[in-house]
Structure formats: structure tokens, C-alpha cells
Amino acid sequence: SVIEVFFPSCCATAESGLLIGHWIPEQNSAVILAVVHFPFIPGQVKQYLSEVQQVTQVNTCVLGSWTNSKQEKEEVLNKFLEDLSSIFSHEPWIQLSKESDSKVWSCYIFQKHPSSPMEDEFILVYYDQRKVMLSQLHTADNQATSADHKRNDASKLAAVFDTVAESKILFMTDRYDDGPIKLTHWQSEGVEASIIVELMKQASGQLPLILKGLQVIVRGIRCFCRVLKFWPLSFIWSKLSTCEQLGHRLEHLQLISSNKKAQNQTQLMRKANTFVSLLVDMALGILLMSWLYRENRIGQLADTLIPVADHIAKELQDLLQWLMGVPAGLKMNRALDQVLGRFFLYHIHLWISYIHLMSPFIERILWYVGLSACLGLTVMLSILSDIIALLTFHIYCFYVYGARLYCLKIYGLSSLWRLFRGKKWNVLRQRVDSCSYDLDQLFIGTLLFTILLFLLPTTALYYLVFTLLRLLVVVVQGLIHLLVDLIDSLPLYSVILRLCRSYRLAAGVKFRVLEQNAGKPLRLLMQINPLSYGSVVQTYRLPSCACYPKDSWSALCKKLFVGELIYPWKHKGEKQD
């Protein structure tokens, strides 16, 4: 049989002693966690290991002995270490030794009751104990395309990673402790720390007060939000992107201020990603706010807004005058063309009057809107999307009028076309059935069909023009929503962690052969393969507040062809017309 021994590379220079670790019988492998070196009392070692086992719930025991042959009296020491196998009765007993001034290692197994007469083969795997303890292994167990042997390998690696990660309490003892047990592991020279970590520990004393104050603020906002659930405030809340984004950020604040401890690594990473996303969002918003209020940029923006609105209205008037003539040489129905053109021109006149009526207050409105950037860049972008929707409301009205009129004619023509074929739409059964019509019905149907057919080109041209304008506005708003969704859902903490400490997010491991000689154990070096950036984003992507339906291209083209209204005034849960 093959016995795998995972040995920490930090213990390669340790003095002779006992190997402490965890034996995994299902995999026939041993995970070495530390080396206990002399002097020690066996009873104290057993008591210490039992205490560690109670805390970590990991079956930690003495797996064997470690001999570093650079010491004197090597034969006496080897004999003493062999005798310890009778005190620490672990089956099998692993004996590792390193020859003096050489990289040659030897490994022996002592079993009182061997399971097979054949000699065991050894694979000695070196691993970086610090990286394995801090890393999170992302296995592919949920992929249907993974083979069974790959799943088994992933489970073996997960068992090794979990054993090291759950034994953190064992690594809290360093050589400066006055305890009776002296250990060698990755923190044996002193517990790892840094100035930043220590400063954060000192500053974390005020953290409970900050969280308590944040919880009070969140409760107050939630009580205020309950008022918005009543009509018509609930209707306005569901239509404005700003309100949706504020509700989404409120959920983030509630998650961050929660006292509930994360149950697993995924919840912890989500909390950290949410906190960093909110922090970066507010920092970008404050930078934007400082830029807006510098050199009177708010006043310059207000002075530019009115001329731009007038220019857009002037272009729309010219477009309507072109449609009321002979657009592109097309012969339109003059009566319907004049009625539609004057109707839309009157709306533009009302819109220009409304804009000039609001012009004295626009600078003050923009000044207060700019203050909302302190809530985050995403809130500011959502307000920008709503401002665009308000400034182009007349275009939306034109699109709705044209779409409804065009849709009415399309459905009228389809109904009359069924009349010519002796068919009708059965509302109860939701299907087309045969039907017999008399002469008067066919005559009236022919007249209506002819009228609608000859009026259709004029209506279709107005619908086409205003649909293109509406789609232009939708594309601009869609780009803004995509940017907001990117900031909301991008796992910045995970990406930074992948950039700075790639071993923390492990996709798997790779092995490099160090030694392969006859009569000697095969020695491998285990190295961590980090997750790719795409996998990091896909695994830890945060949920966004995208509330609009994502129609396929075919469904969108069908809606445009029959004149149904499109994004953004319809939400996922609403009934479609």
C-alpha cells in the first residue's frame, strides 16, 4: 500500500523529537502539524494533545518520531525514539530521519499488526503550513463534468486543508512561551503580527459602539421605509432607480451592522466584499462631490442644461416638420399626418414652457442633488438616470402614443385578416376557431381593413422615429445601470485578495518532484494553484438590484414589431400588457 505523509517545510530544520499530526485512515495518509522536541515528559504531551483535541475537534496525536542527524549521539537518540512507540501507541508508527549534511531523507513504518505482508511505499509531500492554513480550497464537486477520480482527489486535498485550518490553536505556542512543551511549526519563532494588525486591534475597541450606532440608523431608515409601502409612494418607489439603489444599499448596511457571526467562509467573504464595495462606492462619491463643488461647476452645469434642452426641443420640432411634409419622398396620408404632427408639436411647446418655468430653480436643485454623492457614486448615477428619464419624458410620451396607435392598428388588421379567412379568436379557449360571417359583416370588415391598411404607413413612420429616439434614451440609461450593477456586484475584496495574496483563494494544488531514487521515499513539493480572476468574480459576485426584465433579442424584436412597450417601465413581477 501507499502511505502519504504531508510534512511542513518549516519543520525540515527542526531538532529531533516527536511528530504531532492527524492520521486520515480513509486515505491512508498522515498530516504532520508540528514537531515536539526535547526535553519533554510523555504524560504532559498526552495531556496537551487532549486539550488541543477538545478545542479543535481534530484527532491530534503523536504519529511517530523525527530525527535530525546533525545532533550528536545519534544511535542513542534513535534507540530512544524507537522506544517511544511503546508509550505513544499509534498504528502505524512513522519514523522520519534526515541524514547529516545531506538532502537525503529516509522513512520507515513500524506496525505491530501489519495489514498486508507487502512492504509499504512512501510519498513524502512538503507543504507550506502558513499558506495551507490561510487558504480556502475551491473544489469542483458541483460540476457534473468532473470525473470520479478528480472528485476523490479534491476530497483528499480538502481533508488536508481542513486539518491544518482547524488546528490553529496548535500554532499559537511559540518558543518564548514558558510551557513544558516546545513545538516547531510555522509560528514557532513568534506569532505572526504586523503594525497594521496591532493598530486595528487597538482601534477595534470602539467597533461595538460604531456598530450599535449603525444599527440604530438602519432601524430608523427601515421605519421610514415602511411609510413608502403605501400607495402612491410605493408606485413612485418602484419606478425610480434612486429609490431602488437606496433600498439595495440599506440591505448592505443591515448585513454589515448585523451581530450574527458568519457561519462559513462564503458568508464571511460576502460580508467583506459588501463592506469594501460600500466603502469604495462612498469614496468615489465623495471624490465626485468634491469635484462638482469646486470652481462653481454646479452653476456651469445648470447654465448648460437649459440650452441643451432647448436644442433638443428645436431638433424635435424640425424632425416633426420633416415628417409632416414628404419624408424621404414617401406619400403619407395628409390628414392623419397633420393631426399627429400638430399633436406632437403641441406637446413640445408644453415641454419647453415647463423647462423655462423650472429654469430659476435648476441650479438649486442640482446643488442639493450633488450632496447625494456622499451616499455613494451608485446613488449619484441612479439620480442621473432618473434625471435623464425626466428630461426625456416628452420623448417617452411620444413613443407611448405612437406605440399604442400602431399596436391598435396591427391587432385590428390581424383580426380583420382572420375575418376574411372565416376565422375568429376564441377568448375562452385561447385559440383560433372557424366562424361563418354574413355579407354585411364581410362588407364592413373589408372597409375597415382597407382604411387601417392605408393609414398604417403614416402611423408606422411616426412609431419608427419615436421608437428609435426612445431606444437611444434606453441605451444611455442601460449603460448607467450597467455601471451601477458593476460597482454593486464586483467582489473588490476578493479581487484584492487574489492580487496580493493569491494563495488565500486556492483552486487546487500542483506537485513538483524533488527526489525520486530507488530505496528512498518519493519526495514532492505541494504548491497552491490560485483561482483565476474570472473564477473569483464568478464565485464571489454580489447580488445586484437589477429589477428590470432581461428580454432576449427575439422577444425584444417581437415587442417592437407589434408595438408593445419595452423597458424600463415594466418590472419582473408585473403583468405584461
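Note that the structure is predicted; figures quoted are calculated from it, not measured.

### Overview of the UniProt feature "transmembrane region" (unreviewed entry) in the protein
Consideration 1: When the UniProt feature table is mapped to this numbering, "transmembrane region" (unreviewed entry) covers residues 275–293, 339–358, 365–392, 441–465 and 471–496.
Consideration 2: The span residues 339–358 carries 100% helix and 0% strand; its end-to-end C-alpha distance comes to 29 Å.
Consideration 3: Secondary structure over residues 365–392 splits into 79% helix and 0% strand, and the C-alpha atoms at its two ends are 18 Å apart.

### Some words on the packing of helix α10 (residues 297–323) against helix α11 (residues 334–371)
Consideration 1: Two numbers describe how α10 lies on α11: the axes approach to 10 Å, and their chain directions differ by 180 degrees. Accordingly, the angle class assigned to the pair α10 and α11 is roughly antiparallel.
Consideration 2: Residue composition of the contact of α10 with α11, grouped by class: 18 nonpolar, six polar and three charged.

### Brief notes about the pairing of strand β12 (residues 505–515)
Looking along a regular strand, one sees the side chains alternate between the two faces of the sheet.
Consideration 1: Pairing analysis gives two bridges linking strand β8 (residues 136–137) to β12, with the strands arranged parallel. Of the residues in β12, the one forming a bridge with Leu137 is Ala506.

### Details of the pattern of salt bridges
Consideration 1: For the coordinates displayed, the defined rule picks out six salt bridges.
Consideration 2: Across the pair Arg297 and Glu295 runs a salt bridge, and its minimum N-O distance is 3.5 Å.
Consideration 3: Exposure remark for Glu295: the relative accessible area of 59% places this residue in the exposed category.
Consideration 4: One continuous salt-bridge network, built from bridges that share partners, spans Arg249, Asp281 and Asp488.

### Regarding the confidence of the model for the protein
Consideration 1: Per-residue pLDDT for the protein has a mean of 79; in total, 79% of the residues score no lower than 70.
Consideration 2: Across the protein, helix α15 (residues 492–500) holds the top mean pLDDT of 91, while helix α5 (residues 195–203) sits lowest at 57.
Consideration 3: Predicted confidence is poor over residues 141–147, with pLDDT under 50, and the contacts of this stretch with residues over four places away or in other chains come to six contacts.
Consideration 4: Of the regions scoring below 50 in pLDDT, residues 569–577 engages in 23 contacts with residues more than four places distant in sequence or in other chains.

### Things to note about the packing of α15 against helix α16 (residues 533–540)
Consideration 1: With their axes 9 Å apart at the nearest point, α15 and α16 run at an angle of 150 degrees to one another. The angle between the axes of α15 and α16 places the two elements in the roughly antiparallel class. Crossing angle aside, the handedness with which α15 passes α16 is right-handed. Between α15 and α16, the contacting residues are Ser494, Val495, Arg498 and Leu499 on the first element and Tyr533, Val536, Val537 and Tyr540 on the second.
Consideration 2: In the contact of α15 with α16, the residues fall into six nonpolar, one polar and one charged.

Procedures and definitions
- Residue numbers here run from 1 along each chain, matching the order of that chain's written sequence.
- A pLDDT threshold of at least 70 governs which residues receive local features in this predicted model, and a stricter bar of 80 or more applies before side-chain atom pairs are shown or counted, although totals over entire chains, interfaces and linings include all residues.
- The side-chain quantities take in all heavy atoms of the structure and omit both hydrogens and water.
- UniProt positions are given in the numbering used here, feature names are shortened, and annotations may be inferred rather than shown by experiment.
- Strands are runs of DSSP state E lasting at least two residues, helices are runs of H or I lasting at least four, and both sets are numbered from the N terminus onward.
- Between N-to-C directions, angles cover 0 to 180 degrees, with each direction set by a line fitted to C-alpha atoms, over the stretch in contact for helices.
- With respect to orientation, any angle under 35 degrees is reported as roughly parallel, any angle over 145 as roughly antiparallel, any angle of 65 to 115 as roughly perpendicular, and every other angle as oblique.
- Here the nonpolar group is Ala, Val, Leu, Ile, Met, Phe, Trp, Tyr, Cys and Pro; Asp, Glu, Lys and Arg are the charged ones; every other residue, Gly included, is treated as polar.
- Here the rule is simple: two strands pair whenever DSSP picks up at least two bridges between them.
- Think of a salt bridge as a Lys or Arg side-chain nitrogen and an Asp or Glu carboxyl oxygen that are within 4 Å of each other.
- Relative accessible area decides the class of each residue, using a 1.4 Å probe on protein chains only: under 20% of the type maximum gives buried, over 50% gives exposed, and in between gives partly exposed.
- Each residue carries a pLDDT value, the predictor's own confidence for that position, ranging from 0 to 100.
- Only heavy atoms matter for contacts: two residues are in contact if any of them lie within 4.5 Å across the pair.
- For any helix crossing, the convention is left-handed if the near helix is rotated counterclockwise from the far helix by under a right angle, and right-handed if that rotation is clockwise.

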